[in-house]
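Tertiary structure, described
Now for the letters of each chain:
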Amino acid sequence: MNELHFAFRVRQHLNQSLQQIDDDKLARLKAAREAALSAQKEPAAVPALASAGHYLRFNFDSRGLRFSLAALALVLAAALYVHWQGDKLIAELSDIDSALLSDDVPMEALVDKDFNEWLKNSQER
Amino acid sequence: MAKKLAGALIAALCIGAAAHATPTSTAVIATPPQPSWASLSVEQKTILSPLGNEWERLDNTRRKKWLAIAERYKRMTPTEQARLQDKMRDWAMLSPEQRLAARERFKEFNQLPPEERENVKQKWQEYRQQKDDEQRRKVEPAGGDTVPANPAQEAGK
């Protein structure tokens with residue numbers, strides 16, 4: 001018996017058996033099939049925004065995009081920090097420079113290194 | 001991609017470190033372009049007039065600082081305004097290291113009580129006098145035609 005012949009015999013047997021199923025069992029099978037079909041969910045209409053969200057989520061899930069966005073955010077944060085630090089430093093410099101230049105202490109007294117030493121020595125004497 | 005993120009992180013750290021640098025290295029501060037001398041207002045030009053010739057050579061950070069000082073100038077007394085304008089050019093001509101050292105000394109000086117501050121100013125005059133005397137002695141020829149301090153006493157010897 002080759003394979004084709006075997007398959008033919010099996011099919012024949014199944015068809016014959018199908019004819020012999022009781023009406024009661026056929027009714028139960030039918031009811032089960034209808035119950036399964038009614039339980040199947042109807043395809044719901046998807047709103048456009050939900051589709052866009054799904055699209056973005058799908059794309060954001062790609063590692064490359066996430067890394068690029070993280071790197072971009074990091075560089076932007078660093079640039080903002082540098083800008084803020086620069087402004088802070090300039091404000092500090094203008095504070096002290098305007099106080100120093102408008103004070104009556106001679107500028108040379110602050111610049112002359114030897115005077116500082118001389119002052120220390122004269123106080124020790 | 002992780003390499004890109006690491007690169008960005010390193011760049012961010014470098015930029016952050018640069019921002020934390022001492023005021024001697026103000027050139028590293030990222031400052032947007034500042035106005036040229038011609039673009040300043042008449043009032044700004046009047047206040048910053050001692051820097052007129054230097055302005056174009058100043059970097060953006062220093063221009064921004066001087067513009068901030070010009071704003072403060074308006075709230076100063078006439079005496080303070082005169083002192084500031086008097087010292088402005090000399091201050092701009094100092095090296096960054098000299099300015100940094102002077103600022104540090106000024107901070108210390110500012111913390112002194114008023115009597116101590118007066119004492120330092122007096123000591124400065126004394127020091128200047130001493131320096132001038134030393135300079136004069138160097139210029140005068142040794143044992144030469146110097147005029148004796150007390151000619152009568154010299155004649156009596």
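Scroll up for the structure.
Quick look at the structure, then.

**Focus: the packing of aromatic side chains**
Geometrically, a pair of aromatic rings is defined through the distance of the ring centres and the angle of the planes. Tallied over the entire structure, the rule returns eight aromatic pairs over all chains. A ring pair is formed by A:Phe115 and B:Trp124, whose centres lie 5.0 Å apart and whose planes are at 80°; its orientation type is edge-to-face. Taken as a pair, A:Phe115 in helix α6 (residues 113-124) and B:Trp124 in helix α6 (residues 114-139) lie in two separate chains rather than in one. For the residue pair A:Phe115 and B:Trp124, the accessibility class agrees, reading buried in each case. Counting every residue linked through ring pairs, the aromatic cluster contains A:Phe115, A:Trp118, B:Trp124 and B:Tyr127. Over the aromatic face of B:Trp66 sits the side chain of B:Lys65, whose NZ or CZ is 4.6 Å from the ring centroid.

**Points about the packing of helix α4 (residues 63-102) of chain A against helix α4 (residues 78-93) of chain B**
Direction vectors running N to C along α4(A) and α4(B) enclose 110°, while the axes themselves pass 7 Å from each other. Comparing the axis directions of α4(A) and α4(B) gives the class roughly perpendicular. In this structure, α4(A) contributes A:Asp97, A:Ser98, A:Leu100, A:Leu101 and A:Ser102 to the contact, and α4(B) contributes B:Glu80, B:Arg83, B:Leu84, B:Lys87 and B:Trp91. Residue composition of the contact of α4(A) with α4(B), by class: four nonpolar, two polar and four charged.

**What to know about the interface of chain B and chain A**
Taken residue by residue, the interface counts 47 residues in chain B and 44 residues in chain A. Here chain B meets chain A over a buried area of about 4600 Å², counting both sides, of which 72% is carbon and sulfur. The interface formed by chain B and chain A contains six salt bridges. For A:Asp97, the salt bridge goes to B:Arg103, with nearest N and O atoms at 2.6 Å. One can count 15 residue pairs in polar contact (both at pLDDT 80 or more) joining chain B with chain A. Residue classes in the side of chain B that touches chain A are distributed as 24 nonpolar, eight polar and 15 charged.

Definitions and limits used
Numbering of residues starts from 1 in every chain and runs along the sequence as written. The order in which chains are written sets their letters, starting at A; the order in which ligands are written sets their numbers, starting at 1. Totals for whole chains, interfaces and linings use all residues, but because this is a predicted model, local features are given only for residues with pLDDT of at least 70 and pairs of side-chain atoms are given and counted only at 80 or more. To obtain the side-chain values, all non-hydrogen atoms of the structure were used and water was disregarded. Only rings of Phe, Tyr and Trp enter the pairing, Trp through its six-membered ring, and a pair is recorded when the two centres are within 6.5 Å. The plane angle decides the type: under 30 degrees is stacked, over 60 is edge-to-face, the rest tilted. Each helix is a run of DSSP H or I of at least 4 residues and each strand a run of E of at least 2, with the numbering of both proceeding from the N terminus. Per-residue accessibility, obtained with a 1.4 Å probe over protein chains only, is compared with the maximum for each type, and a residue is labelled buried under 20%, exposed over 50%, and partly exposed between these values. Here, a charge over a ring is recorded when the distance from Lys NZ or Arg CZ to the ring centre is within 6 Å and its angle to the ring normal is within 35 degrees. Here an axis means a line fitted to C-alpha atoms, over the contact stretch when the element is a helix, while the angle between two N-to-C directions is reported on a 0 to 180 degree scale. Roughly parallel here means an angle under 35 degrees, roughly antiparallel means over 145, roughly perpendicular means 65 to 115, and every remaining angle is called oblique. In this analysis, two residues are considered to be in contact whenever any of their non-hydrogen atoms come within 4.5 Å of each other. Asp, Glu, Lys and Arg are counted as charged, while Ala, Val, Leu, Ile, Met, Phe, Trp, Tyr, Cys and Pro are counted as nonpolar; the rest, among them Gly, fall into the polar class. Buried area: the accessible surface (1.4 Å probe) lost by two parts on joining, summed over both. One side-chain nitrogen of Lys or Arg within 4 Å of one carboxyl oxygen of Asp or Glu is enough to make a salt bridge. N or O atoms within 3.5 Å of each other form a polar contact, as long as, within protein, one can give a hydrogen and the other can take it, and as long as residues adjacent in sequence are counted only when both atoms are side-chain atoms.

Geometry only, nothing functional implied.
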